[in-house]
There are 2 protein chains.
Amino acid sequence: MANHRLDALDRKILKLISADARIPFLEVARACNVSGAAIHQRIQKLTSLGILKGSQFIIDPEKVGYETCAYVGLYLKDPSEFDAVVEKLKAIPEVTECHYTTGGYDMFIKIYSRNNHHLLNIIHDKLQPLGLSRSETIVSFNAVIDRQLPIFDNTDEEEDEDDGED
Amino acid sequence: MANHRLDALDRKILKLISADARIPFLEVARACNVSGAAIHQRIQKLTSLGILKGSQFIIDPEKVGYETCAYVGLYLKDPSEFDAVVEKLKAIPEVTECHYTTGGYDMFIKIYSRNNHHLLNIIHDKLQPLGLSRSETIVSFNAVIDRQLPIFDNTDEEEDEDDGED
DNA sequence: ATTGAAAATGTACGAGA
DNA sequence: TCTCGTACATTTTCAAT
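Residues numbered from 1 in each chain as written. Chains lettered and ligands numbered in written order. Predicted model: local features only at pLDDT ≥ 70, side-chain atom pairs only at ≥ 80, totals over all residues. Heavy atoms only, no water.

## Some points on the side chain of Q56 of chain A
What counts is decided by this rule: Numbering of helices and strands starts at the N terminus; helices are DSSP runs of H or I of at least 4 residues and strands are runs of E of at least 2. Residue contacts follow a heavy-atom distance rule, with two residues in contact if any of their heavy atoms lie within 4.5 Å.
Turning to its location among the elements, Q56 of chain A is positioned in strand β1 (residues 52–59). Sequence-distant contacts of Q56 of chain A, defined by excluding residues within four places in its chain, comprise I17, S18, A21, S55, Q56, I58 and Q148 of chain B.

Written as structure tokens, this is what we have:
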């Protein structure tokens, strides 16, 4: 249910356009030895299947004034308030991710802030009022890897690498 | 040093193209009431300044067979091996982020895996051999927010909101 | 930043395997 | 059903202003 059959052409297309959304489809076509129309239709198909969810230019957060990146694990006073808290988190633009987790935290979020001071303000002024019993902050001093999940040559059929074995 | 002055046009362009990398520049131009060439030049400028770092199509990880997302905090046996470990992490495609942190962990990484079982394999077979003394895994059951940092109307000049104050 | 024009691309349509 | 080839509208890109 989660994954669809992707053939070699699909994967090659995904690999190319996931690395550069502005690449001309005709260039993709030449790299794949098919016509431009074929690429066009494949991309439409991949989009309608929900595999492709749009595109975006990547903006360097530091260059637009966001020098601090942090992950914050949240413990809710009332975990049943989860959905309401998520809605409030959506209204905080600095929160770019929110994960529902178990084990460690009730929820786990990613925050970009201008600096450490700004981060503290966000936590105190915007996060705490949501009904936190506690929070743990992990500040990233440097993102040494930040990339997209690569497209492999086998996406759902074989698991004959050591990765998927028992 | 980290941020450059962005005027209203820059920010409007960034806002539009960060939401859709395939948007025609002429459409951006019409939305901004300037010529297409102006957009073209601005985007070149933003790219050469390093503010724009390319573009990408967004692929739904679940739809290509990656149903588990986890964050793992790593403790290195020998923290001075940091750089070498990062290089080895780069060779693990499932690792999409790596942060240098202090306080909690030596480093903090994001992993996509096919399922929980695959995640354990990655941790045991690929991460442990890097020289970990310990690791803590946070599994995300659901990413309820996942978005890009928005472009605000003031990126570096004013801090007159409550966010950046003392 | 604008204009204008040439080159390249995006997209639709019909045909064929 | 999928791909291709063509045709036309649009966009990209670059000059000079």
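## A closer look at the protein's contact with DNA strand D
Stated precisely, the cut-off is as follows: The criterion for a residue being near a molecule or strand is simple. One of its heavy atoms has to lie within 4 Å of it. Whenever a nitrogen or oxygen atom comes within 3.5 Å of another N or O atom, the pair is scored as a polar contact, on the condition that within protein one atom can donate a hydrogen and the other can accept it, and that pairs from neighbouring residues in sequence are kept only if both atoms are in side chains. Three classes are used, and their members are as follows: Ala, Val, Leu, Ile, Met, Phe, Trp, Tyr, Cys and Pro are nonpolar, Asp, Glu, Lys and Arg are charged, and the others, Gly among them, are polar.
Near DNA strand D lie 15 residues; those nearest to it are R22, S35, Q41 and R42 of chain A together with F25 of chain B. Among the atoms of DNA strand D lying within 4 Å of the protein, the sugar-phosphate backbone contributes 71%. F25 of chain B is positioned with one of its backbone polar atoms (N or O) 2.8 Å from a phosphate oxygen of DNA strand D. A distance of 3.0 Å is found between a phosphate oxygen of DNA strand D and a side-chain nitrogen or oxygen belonging to H40 of chain B. Of all the elements, helix α3 (residues 36–48) of chain A adds the most residues to the surface near DNA strand D, at four residues. Here the residues of the surface near DNA strand D are counted per class, giving eight nonpolar, four polar and three charged.

## Focus on the UniProt feature "domain: HTH asnC-type" (unreviewed entry) in chain A
Selection rule: UniProt positions are given in the numbering used here, feature names are shortened, and annotations may be inferred rather than shown by experiment.
This chain's UniProt record puts "domain: HTH asnC-type" (unreviewed entry) on residues 6–67 of chain A. Secondary structure across residues 6–67 of chain A comprises 53% helix and 13% strand; the distance between its end C-alpha atoms is 39 Å.

## Describing the packing of aromatic side chains
Under the convention used in this document: Between 30 and 60 degrees the pair is tilted, below 30 it is stacked and above 60 it is edge-to-face, where a pair is any two Phe, Tyr or Trp rings, Trp via its six-membered ring, whose centres lie within 6.5 Å.
Scanning the model with the defined rule gives 14 aromatic pairs over all chains in all. Summarising the aromatic geometry, the rings of Y105 of chain B and F108 of chain B are spaced 5.6 Å apart at their centres and angled 15 degrees between planes, so their arrangement reads as stacked.

## Observations concerning the environment of L74 of chain A
Residues and elements named next belong to chain A. Mapped onto the elements, L74 comes out in strand β2 (residues 68–76). A sequence separation of 46 residues divides L74 from L120, and the C-alpha atoms of the two residues are 14 Å apart. Apart from the residues lying within four places of it in its own chain, the contact partners of L74 are Y105, D106, M107, I109, L127, L132, R134 and S135.

## Section: the packing of helix α1 (residues 8–19) of chain A against α3 of chain A
Residue and element names in this part refer to chain A. Selection criterion: Here, axes are lines fitted to C-alpha atoms. For helices the fit covers the stretch in contact, and angles between N-to-C directions go from 0 to 180 degrees. Any angle from 65 to 115 degrees is called roughly perpendicular, while one under 35 is roughly parallel, one over 145 is roughly antiparallel, and all others are oblique.
Remark: α1 packs on α3, axes separated minimally by 11 Å, with the N-to-C direction vectors making an angle of 85 degrees. Accordingly, the angle class assigned to the pair α1 and α3 is roughly perpendicular. Side by side, α1 and α3 meet where L9, D10, I13, L14 and I17 of the first sit next to I39, R42, I43, K45 and L46 of the second. Of the residues belonging to the contact of α1 with α3, the class tally is seven nonpolar, no polar and three charged.

## Describing the relation of the copies chain A and chain B
Test applied: Copy-to-copy alignment: least squares on C-alpha atoms, limited to residues at pLDDT 70 or above in both.
Of the transformation placing chain A onto chain B, the axial shift is 0.0 Å and the rotation is 180 degrees, giving an RMSD of 0.1 Å. Taken together, these values place the two copies in the relation of a two-fold axis. When you check the interface residues of chain A against chain B, 100% turn up at the interface there too, and the contact is symmetric in its surfaces.

## Observations regarding the environment of L149 of chain B
We apply this condition: Partly exposed describes any residue whose relative accessible area lies between the buried limit of under 20% and the exposed limit of over 50%, with all areas from a 1.4 Å probe on protein chains only and scaled to the type maximum.
Following the sequence through the fold, L149 of chain B ends up in the segment after β5 (132–146). A relative accessible area of 10% means that L149 of chain B is categorised as buried. Residues L149 of chain B and K77 of chain B lie 72 residues apart in sequence; the distance between their C-alpha atoms is 35 Å. Sequence-distant contacts of L149 of chain B, defined by excluding residues within four places in its chain, comprise P61, Y66, P93, T96 and Y112 of chain A.

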